[in-house]
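So the chains spell out like this:
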Amino acid sequence: MTTTTKTKDILGHPGGLLTLFITEMWERMSYYGMRMLLVLFMTASIQEGGLAITVASATAIYGLYTGFVYFMGLPGGWIADRLIGGQRAVWYGGIIIMAGHIVLAIPADATFFIGMILVVLGTGLLKPNIGAMVGQLYSQEDNRRDSGYTIYYMGINIGSIIGYGICGWLQVEAGYHWAFGAAAVGMGLGLILYRLTLHKLDGAGAEPTVHLSPQAAKLSWTIIGAFLACVAIITYLMVSGIMTMNPVVVAQYTVVAITTVFLLYYAAVFFLGNLTGNEKRRIGALFLVCLASIFFWAGFEQAGSSLNLFGRDYTDRIVGTFEIPTGWLQSLNSWFIVLLSPFIAALWINLAKRMITPSYGIKCAVGLVIMASGFIVMFFAAQLAASGMKVAPYWLVATYFLHTVGELCLSPVALSAVSKLSPKRFAGQMMGVFVLTYSIGNIVAGLLAGNFDPENVAEMPNLYLQISLFTIAIGIVIALFTLKTRIWEKLPAEKEDTAEDQQPGSKVLA
């Protein structure tokens, strides 16, 4: 049994919140600072210090990277819950992330993908568990919980702003590998501060929530070891040139595989979860939210790929005698989140006071349409670029503004929908299933970005227009279906329905 000493509150919140805030801030500094550079580095010429990879391959690799960052959160959360506890998961995850950035800082092409794989594995351990520990600082009755998560979310955005600023500047002034090294320093600072203030967590995440039997634990570690050995072998074969792969084809197969897992698991919960009729209707409404999330992130994640390249190649970034680093344009999203979050939160509150409470599906559809409208802005910007002009930065500013408004309408609402509409006994599993929508959207984003051929600028306006119109159409369809499902969202989960609504003998997942 773990004994804890109650620490003093800071600004009305548990002292451990500051520990997690600072750790997450520096981890996000390292993640976003490195993420911003990936496509730029891979597509830059050898003379510019890059890898000279084609846009299609580079964006596919980027999509796989960001997709697997989210996907690995599923086993990472399980390892913490069943084997090592959240505190150790965050610590070891941070060390692996830092090691990945150090490897990326080595000026050798062969080590680049090793560094990326390490960052993916480390983030899968750290990211889901540090967020879970924030919730463990508060009791179920503590009404400070939502405020605590808001403060924690601010740490994410402050860290991303720092990462964009430092790594973007270093990339221009000293080169890509110095910028990757700065990300390692940021993660290192986070780990030092985490270790120094670990006692403030009051035992939150110190132990696994479920202790496995010795035999089950041994089997689990054996499977984990075998998986890591396979990853190491495949990485060695690729780095040594013995095995090659087409990133675009791998991304296509991967997105099909993850989508299949998502649909099968969702269907298993629906048909085999012994749900009441009301519970089925509620997760039916939730399915629309999941669809909106997939299409949203497929568009939104163009920020690190096609929009990043547009900022580098087709945007006039000269202000006086100063050239704005390409990566700094991506920081607009974080700045807008910090500035706009209070207004969006106030909007929902004021609507509720007027007895206007849009359903989860409507809010997500609105967010999807607003995000898609950003690509209409890019349609006009791309037309100017296709005519041979370099466009002013305000085109990207307007696009990122619309994307951020869409994100604030959809992302927190979708998370709230998962927590509210999921059957209580499947709450954790459904959150894991929902995370798969991030993975699917990110990989699709990478595949879409591969269509932006820098040698064929004339096609760019139509590509942005197609993304916009298709996504708006999806948003409208979701809104129309919500006319039915908005009623389902309000059904009481605990009400039992008639016998025919049940699934006899279907307790496989319960």
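Here the residue index of a chain counts from 1 through its sequence in written order. Predicted model: local features are reported for residues with pLDDT of at least 70 only, side-chain atom pairs are reported and counted for 80 or more only, and whole-chain, interface and lining totals are derived from all residues. Side-chain calculation: all heavy atoms of the structure are included, whereas hydrogens and water are not.

Focus: the packing of helix α11 (residues 306–313) against helix α14 (residues 394–421)
Rules: Note on definitions: angles span 0 to 180 degrees between N-to-C directions of axes, and those axes are lines fitted to C-alpha atoms, for helices only across the stretch in contact. Each helix is a run of DSSP H or I of at least 4 residues and each strand a run of E of at least 2, with the numbering of both proceeding from the N terminus. For classification purposes, an angle smaller than 35 degrees is called roughly parallel, one larger than 145 roughly antiparallel, one from 65 to 115 roughly perpendicular, and anything else oblique. Helix crossings get a hand from a simple test, with the near helix turned counterclockwise from the far one by less than a right angle marking a left-handed crossing and a clockwise turn marking a right-handed one. When checking whether two residues touch, look at their non-hydrogen atoms; a contact exists if any pair is within 4.5 Å.
For the pair α11 and α14, interaxial distance at closest approach is 12 Å and the crossing angle is 160°. Classified by the angle their axes make, α11 and α14 are roughly antiparallel. The element α11 and its partner α14 pack so that their crossing is left-handed. Taken together, the residues of α14 that come into contact with α11 (itself represented by L307, F310 and G311) are L396, T399, Y400 and H403.

Digging into the packing of aromatic side chains
Operational definition: Only the six-membered ring of Trp is used, alongside the rings of Phe and Tyr, when aromatic pairs are assigned; centres must lie within 6.5 Å, and planes under 30 degrees apart are stacked while those over 60 apart are edge-to-face, with the rest tilted. Relative accessible area decides the class of each residue, using a 1.4 Å probe on protein chains only: under 20% of the type maximum gives buried, over 50% gives exposed, and in between gives partly exposed. Two limits define a charge over a ring: the Lys NZ or Arg CZ must be within 6 Å of the ring centre, and within 35 degrees of the ring normal.
For the structure shown, the criterion picks out 28 aromatic pairs. With a centroid separation of 5.0 Å and 45° between ring planes, the pair formed by F41 and F112 is classed as tilted. Note that F41 is positioned in helix α1 (residues 16–43) and F112 in helix α5 (residues 112–136), a separation of 71 residues in sequence. Residue classification places F41 among the buried residues on the basis of a relative accessible area of 1%. An angle of 85° between the planes, with centres 5.4 Å apart, marks the rings of F336 and F401 as edge-to-face. One end of the pair, F336, is in helix α12 (residues 332–353); the other, F401, is in helix α14, with 65 residues separating them in the sequence. A residue is classified by how much of its surface remains accessible, and F336, at 15% relative accessible area, is buried. Each member of the aromatic cluster is reached from another via a ring pair, and the members are Y70, F296, W297, F300, F434 and Y438. One Lys or Arg, R195, reaches over the ring of W91 and ends 4.1 Å from the middle of that ring. Across the ring face of F270, the terminal group of K280 is positioned such that the distance to the ring centre comes to 5.5 Å.

Notes on the side chain of H177
How we decide: For the purposes of these results, a polar contact is taken to be a pair of N or O atoms within 3.5 Å, where, inside protein, one atom must be able to donate a hydrogen and its partner to accept one; residues adjacent in sequence count only when each atom of the pair is a side-chain atom.
Mapping H177 onto the fold places it in helix α7 (residues 176–196). At 2.9 Å, the side chain of H177 forms a polar contact with the backbone oxygen of L104. Aside from chain neighbours lying at most four places away, what touches H177 is F41, L104, A105, I106, P107 and A108.

A few points about the pattern of salt bridges
Note the cut-off: Salt bridge, as applied in this entry: a Lys or Arg side-chain nitrogen positioned within 4 Å of an Asp or Glu carboxyl oxygen.
Under the defined criterion, the tally for this structure stands at six salt bridges. Of the charged contacts in the structure, one is a salt bridge between E27 and R28, with a shortest N-O distance of 2.7 Å. With respect to burial, E27 and R28 carry one shared label: buried. Residue E301 is joined to R35 by a salt bridge in which the shortest nitrogen-to-oxygen separation is 2.8 Å. Placement of the pair is E301 in the loop between α10 (277–300) and α11 and R35 in helix α1, with a sequence separation of 266 residues.

Concerning the environment of P208
Structurally, P208 is set in the loop between α7 and α8 (214–239). Classification of P208 by relative accessible area gives buried; the value is 10%. Separated by 124 residues in the primary sequence, P208 and I84 place their C-alpha atoms 5.8 Å from one another.

Notes on helix α4 (residues 86–105)
Applicable threshold: One less than the number of residues in a helix, times 1.5 Å, gives the span that helix is expected to have.
Over its 20 residues, α4 extends 28 Å from the first C-alpha to the last, a length consistent with the 28 Å expected when each residue adds 1.5 Å. Those residues of α4 that are buried are in contact with α1, α3 (73–84), α5 and α7.

Focus on the state of the cysteines
Going by this rule: Cysteine sulfur atoms are paired as a disulfide whenever they fall within 2.5 Å.
For the structure shown, the criterion picks out zero disulfides. Here C364 is not cross-linked by a disulfide; its sulfur's nearest cysteine counterpart is in C290, at 9.2 Å. On the basis of relative accessibility, which here comes to 0%, the residue C364 falls in the buried class.

Topic: the side chain of Q87
Structurally, Q87 can be placed in helix α4. Polar contacts involving the side chain of Q87 include one to the main-chain carbonyl oxygen of A204, which spans 2.9 Å. Contacts of Q87, omitting those with residues within four sequence positions, involve M133, Y194, L198, L201, G203, A204, G205 and A206.

Purely geometric numbers; function is a separate question.
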